[in-house]
Amino acid sequence: MELNVSQTTTDHPPPPVDSVQSVIANNRIFYEIVNEVGLGTLVAVFGLPANVINLIIFYQHGLKKSNNLVLFGLSLSDLGCLVCLLWFGICKNPLSSELIRVTPGVCYLTGGWSRGYFSRVTGCITAYIAAGRCLCITYPLRFRQMPSCLKTVIVLLFIYTLCAVLIIPEYSIAYIGWKFNTSKNQSYIDLYLKENWSQLERLAYIINAVFGLTIFLALTCFTVLLVVSLQRNSNVRRSITSNLELSVAIDQKRKKTTKMITLIALMLILTNATGVAIGITSFVEPRFTVRAEFSDFLLTAWTFGNLLESINSAVTIAIYYVMSSKFKSTFNEIILRRKQVKIKEEINIIST
């Protein structure tokens, strides 16, 4: 038996009588337009070129260095997340409904679930960076730097593959097919649920809750250990180093790198907390799912969760620019020098 997603997402029991839930149910479309179409599009428009710049700069710094390679992989996942966010906003935009006829089911399949995939990849890579830096500070003699480039490539490929495998249950729930609208005399692509969709959907909610919570807790622990270990080792190093100026210089360089990683981790923790809470709630409360009693509440909550996670993908360039002098120098060389060249060309054209 086939089940159409468009029907299951709208033909659910009426919202609860509770005033707060009723308000959210009645204004779900408003939140979708504001958060996903309005603010989400703005975040994507800013974040896409920002992450392209990140990729260019890390590529110029050299992908034969593990730090540049892992940050390149992180920027790549952030870029994918923002591409999906932009597409999701276009699909939800009422102004583009006549130009792009995409049903809600297809929209979530192509934009929503894929954005979740890249968000998981971002979380895993950030946790890996924090863990590696934590080991370098806690055991400086044994782990003097990040793993080799080959090991880093293997880890990145493993993360991208693992997250792809974990999203299989979500994509196994449904398939795309044609649907004919008799009132408009049109055929369009829609999403249909398979016969065993309920079991696969439950599995998807379990994976989303467990995996999201695991990465969130691991990243939190690594970040706390990172800050504590850095402060402790700095005091020990200063006490045993005879050259105070050399000790201070080493400490400043280590602290700057560690602060950058800590800020990236803290930003991800703060922005992903909403999505993790939503995933856990959907796992604990069966009614808090897309095709259940509190579906409007869930979809409204995810508009905020998706927006916050996407903000994290867009603002990393600011952290790199402020905390990394090498990144800042390369950024100014690429962006500002090109602007100066363009201004000189315009002046020459005017003068001639």
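Caption draft 1: Spotlight on the overall build of the chain. Within the chain, the secondary structure is distributed over twelve helices and three strands. Within the span of the chain, comprising 352 residues, buried residues form 45% of the whole. Counted over contacts in the chain with a minimum sequence separation of 6, partners at least 24 positions apart contribute 76%. Accessible area of the chain: about 19000 Å², with a carbon and sulfur share of 67%.

Caption draft 2: Spatial organisation of the packing of helix 5 (residues 104-138) against helix 10 (residues 295-314). Their axes nearest at 11 Å, the elements helix 5 and helix 10 cross at an angle of 50°. Our classification of the angle between helix 5 and helix 10 gives oblique. The handedness of the crossing between helix 5 and helix 10 is left-handed. Contact residues: Y108, R115, S119 and T122 in helix 5; L299, N306, E309, S310 and N312 in helix 10. Class assignment for the residues of the contact of helix 5 with helix 10 results in two nonpolar, five polar and two charged.

Caption draft 3: Broad picture of the nonpolar core. Counting residues in hydrophobic clusters, the biggest one holds 35 residues, and the most contacted among them are L71, I125 and Y320. With eight residues, helix 5 is the single largest residue contributor to this core. The residues contacting L71, other than those within four sequence positions of it, are F58, I129, M260 and Y320. Grouped together as the second largest cluster of nonpolar side chains are nine residues, V43, L48, L55 and A314 included.

Caption draft 4: Structural context of helix 11 (residues 316-323). Residues T316, I317, I319, Y320 and M323 constitute the buried set of helix 11. Taken down its axis, helix 11 places every buried residue within 160° of arc, on the same side.

Caption draft 5: Region of interest: the environment of V165. Mapped onto the fold, V165 is located in helix 6 (residues 149-166). Between the C-alpha atoms of V165 and Y117, which are 48 residues apart in sequence, the distance is 9.8 Å.

Caption draft 6: Highlighting a nonpolar patch on the surface. There is a patch of nonpolar side chains on the surface, built from F30, V34, L39 and L42 and spanning about 380 Å² of accessible area. Structurally, the position occupied by L39 is in helix 3 (residues 28-61).

Caption draft 7: Just the side chain of N35, in detail. As for its position among the elements, N35 is in helix 3. Looking at N35, the relative accessible area reads 5%, which means it is buried. A polar atom in the side chain of N35 sits 3.2 Å from the side chain of T303. In this view, N35 contacts G40, T303, F304 and L307; residues no more than four positions away in its chain are not counted.

Reading the values: the criteria
- Residues numbered from 1 in each chain as written.
- Predicted model: local features only at pLDDT ≥ 70, side-chain atom pairs only at ≥ 80, totals over all residues.
- Heavy atoms only, no water.
- Helix = DSSP H or I, 4+ residues; strand = E, 2+ residues; numbered from the N terminus.
- Buried < 20%, exposed > 50% of the residue type's maximum accessible area, 1.4 Å probe, protein only.
- Contact = heavy atoms within 4.5 Å.
- Areas by Shrake-Rupley, 256 points an atom, 1.4 Å probe, with all protein chains shown as cover.
- Axes fitted to C-alpha atoms, helices over the stretch in contact; angles between N-to-C directions.
- Parallel < 35°, antiparallel > 145°, perpendicular 65-115°, else oblique.
- Left-handed = near helix turned anticlockwise from the far one by under 90°.
- Nonpolar A, V, L, I, M, F, W, Y, C, P; charged D, E, K, R; others polar.
- Core = buried A, V, L, I, M, F, W, Y, C linked by side-chain atoms within 4.5 Å.
- Arc of directions from axis to C-beta.
- Patch = residues over 30% accessible without salt bridge, like charges linked within 9 Å, V, L, I, M, F, W, Y side chains within 5 Å.
- Salt bridge = Lys/Arg side-chain N within 4 Å of Asp/Glu carboxyl O.
- Polar contact = N/O pair within 3.5 Å; in protein donor to acceptor, adjacent residues only side chain to side chain.

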